[in-house]
Amino acid sequence: DVKVTQSSRYLVKRTGEKVFLECVQDMDHENMFWYRQDPGLGLRLIYFSYDVKMKEKGDIPEGYSVSREKKERFSLILESASTNQTSMYLCASSLSGANVLTFGAGSRLTVL
Amino acid sequence: QQQVKQSPQSLIVQKGGISIINCAYENTAFDYFPWYQQFPGKGPALLIAIRPDVSEKKEGRFTISFNKSAKQFSLHIMDSQPGDSATYFCAASTPNDMRFGAGTRLTVKP
């Protein structure tokens, strides 16, 4: 069974802390994505990556950065967490040129 | 500004009824229209999808209706069951860009 694994399901952090959200996929997918899910706003794309060491900004990249050092791993970094970054974060992957996304179960982040 | 508008935000249907969720898009470059289903505590999963060269696609109790001229598409769930209770997202995409609607929380009452 193919999988996208988000290792941290629930995190509670304080304002100003640095936060790492990790995502690993075992499908040898080229593309990886980070979305943010908020009620009434759907899924908004933060960053995506088409290849190792490559990254592209999505619709809401401010306050976030990403790292993709290996094909299977895509990390989302909040350099200095703020309360408005309290949200559900979803990682997804897909084959190159494919429209179908496979999502992880999500990481719910609360920033106090 | 959302490129895909989804309605309603929430929907309550009796068991056995028909659930209908609507979406509209603006960008005519979109060429793939999937629906994702998300259960609590899980990530969204692809439910059914359609390309604009057909007007309807059916998979079991789930049907997508697509109106290219109106730039609208909808999901119909026939004989809705309590197990269908979930959040549904429509999306529209090109190979390099996928845009999601805001989601519809469906509750099917027994």
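Shown above is the structure to which this text applies.
Cut-offs used in this document
Throughout this description, residue numbers start from 1 for each chain and increase along the sequence as written. The order in which chains are written sets their letters, starting at A; the order in which ligands are written sets their numbers, starting at 1. With the structure being a predicted model, the display of local features is reserved for residues of pLDDT at least 70 and the display and counting of side-chain atom pairs for 80 or more, all residues being used for whole-chain, interface and lining totals. Remark: hydrogens and water are excluded; side-chain values derive from all non-hydrogen atoms of the structure. For helices the rule is a DSSP run of H or I covering at least 4 residues; for strands it is a run of E covering at least 2, with both sets numbered from the N terminus onward. The quantity called the radius of gyration is restricted to C-alpha atoms. Its globule counterpart is 2.2 Å times the number of residues to the power 0.38. Partly exposed describes any residue whose relative accessible area lies between the buried limit of under 20% and the exposed limit of over 50%, with all areas from a 1.4 Å probe on protein chains only and scaled to the type maximum. Note on contacts: a residue pair qualifies if any of its non-hydrogen atoms lie within 4.5 Å across the two residues. Working definition of accessibility: Shrake-Rupley area with a 1.4 Å probe, residue cover restricted to the visible protein chains. A positive count includes Lys and Arg, and a negative count includes Asp and Glu. His and the chain ends are not counted in either. To locate a charge, the coordinates of NZ of Lys, CZ of Arg, CG of Asp or CD of Glu are taken. Reported buried area values correspond to the accessible surface (1.4 Å probe) lost by two parts on association, with both partners' losses combined. In the sections that follow, a salt bridge refers to a side-chain nitrogen of Lys or Arg positioned within 4 Å of a carboxyl oxygen of Asp or Glu. Any pair of N or O atoms that falls within 3.5 Å is considered a polar contact. Within protein, one atom must be able to donate a hydrogen and the other to accept it, and sequence-neighbouring residues count only if both atoms are side-chain atoms. Under the scheme applied, nonpolar residues are Ala, Val, Leu, Ile, Met, Phe, Trp, Tyr, Cys and Pro; charged residues are Asp, Glu, Lys and Arg; polar residues are all the others, including Gly. The rule for a disulfide is simple: a pair of cysteine sulfur atoms within 2.5 Å. Aromatic pairing here means that ring centres of Phe, Tyr or Trp (its six-membered ring) are within 6.5 Å. Orientation follows from the plane angle: under 30 degrees is stacked, over 60 is edge-to-face, and everything else is tilted. The set of buried Ala, Val, Leu, Ile, Met, Phe, Trp, Tyr and Cys residues whose side-chain atoms join them within 4.5 Å is what this entry labels a nonpolar core.

> Residue-level account of the overall build of chain A, with values.
Each helix and strand counted, chain A has zero helices and 11 strands in total. Written out in order from the N terminus, the α and β elements of chain A read β-β-β-β-β-β-β-β-β-β-β. Compactness check: chain A gives a C-alpha radius of gyration of 13 Å against a globular reference of 13 Å for 112 residues, within 12% of the reference. In terms of overall dimensions, chain A has a C-alpha envelope of 40 × 25 × 25 Å along the principal axes. Looking at the 112 residues of chain A, the share that counts as buried comes to 48%. Long-range pairs, those at least 24 residues apart, make up 55% of the contacts in chain A with a sequence separation of at least 6. Put simply, chain A shows about 5,400 Å² of open surface, and 51% of that area lies on carbon and sulfur atoms. A gap of 6 Å separates the mean positions of the 15 positive and 14 negative side-chain charges of chain A.

> Which residues make up the interface of chain B and chain A, and what values go with them?
Opposite the 22 residues of chain B that make contact, chain A presents 18 residues. Between chain B and chain A, roughly 1,500 Å² of surface is buried when both sides are summed, and carbon and sulfur atoms account for 49% of that area. It is Pro44, Pro95 and Phe100 of chain B in chain B that bury the most area against chain A; as a group they hold 27% of the surface buried on that side. Along the contact surface separating chain B from chain A lie one salt bridge. Counting every contact that joins chain B to chain A gives eight residue pairs in polar contact (both at pLDDT 80 or more). Of all elements in the fold, only β4 (33–38), β9 (86–94) and β10 (97–100) of chain B reach the threshold of two or more residues within the side of chain B that touches chain A. When its residues are assigned to classes, the side of chain B that touches chain A shows nine nonpolar, nine polar and four charged.

> Mind laying out the state of the cysteines, listing which residues take part and the relevant values?
Residues and elements named next belong to chain A. Considering all chains together, one arrives at two disulfides over all chains under this definition. Between Cys23 and Cys91 runs a disulfide, and the two sulfur atoms are separated by 1.9 Å. Since a negative S-S torsion denotes a left-handed disulfide, the Cys23-Cys91 link at about -80° is left-handed. Of this pair, Cys23 sits in strand β3 (residues 19–25) while Cys91 sits in strand β9 (residues 87–94); the two residues are 68 residues apart in sequence, bridging distant segments of the chain. With respect to class, Cys23 is no different from Cys91; both count as buried.

> Please provide a residue-by-residue account of the packing of aromatic side chains, values included.
Geometry of an aromatic ring pair is reported as the spacing of the ring centres plus the angle between the planes. Taken as a whole and judged by the stated rule, the model has 17 aromatic pairs over all chains. Ring centres of Trp35 of chain B and Phe73 of chain B lie 5.7 Å apart, and the angle between their planes is 70°; on these two criteria the pair is classed as edge-to-face. Here Trp35 of chain B, found in strand β4, pairs with Phe73 of chain B, found in strand β8 (residues 72–77); they are 38 residues apart in sequence, far enough to count as distant. In this structure Trp35 of chain B comes out as buried when scored by relative accessible area, which is 0%. Of the aromatic side chains, those joined through ring pairs into one cluster are Phe33, Tyr35, Phe48, Tyr50 and Phe103 of chain A together with Tyr36 and Phe100 of chain B.

> Can you explain the nonpolar core? Please cite residues and give values.
Ranked by internal contacts, the top residues of the largest apolar core, which has 24 residues, are Phe33, Trp35, Phe73, Leu75 and Tyr88 of chain B. Going through the elements one at a time, β2 (10–14), β3 (19–25), β4, β5 (45–50), β7 (62–67), β8, β9 and β11 (104–109) of chain B are the ones with two or more residues in this core. Sorting elements by how many residues they give to this core places β9 of chain B first, with four residues. Discounting chain neighbours no more than four positions away, the residues touching Leu75 of chain B are Ser19, Ile20, Ile21, Trp35, Leu47, Ile48, Phe62, Thr63, Ile64 and Tyr88 of chain B. Of all hydrophobic cores here, the second largest spans 21 residues; its members include Val19, Met32, Tyr47 and Val66 of chain A.

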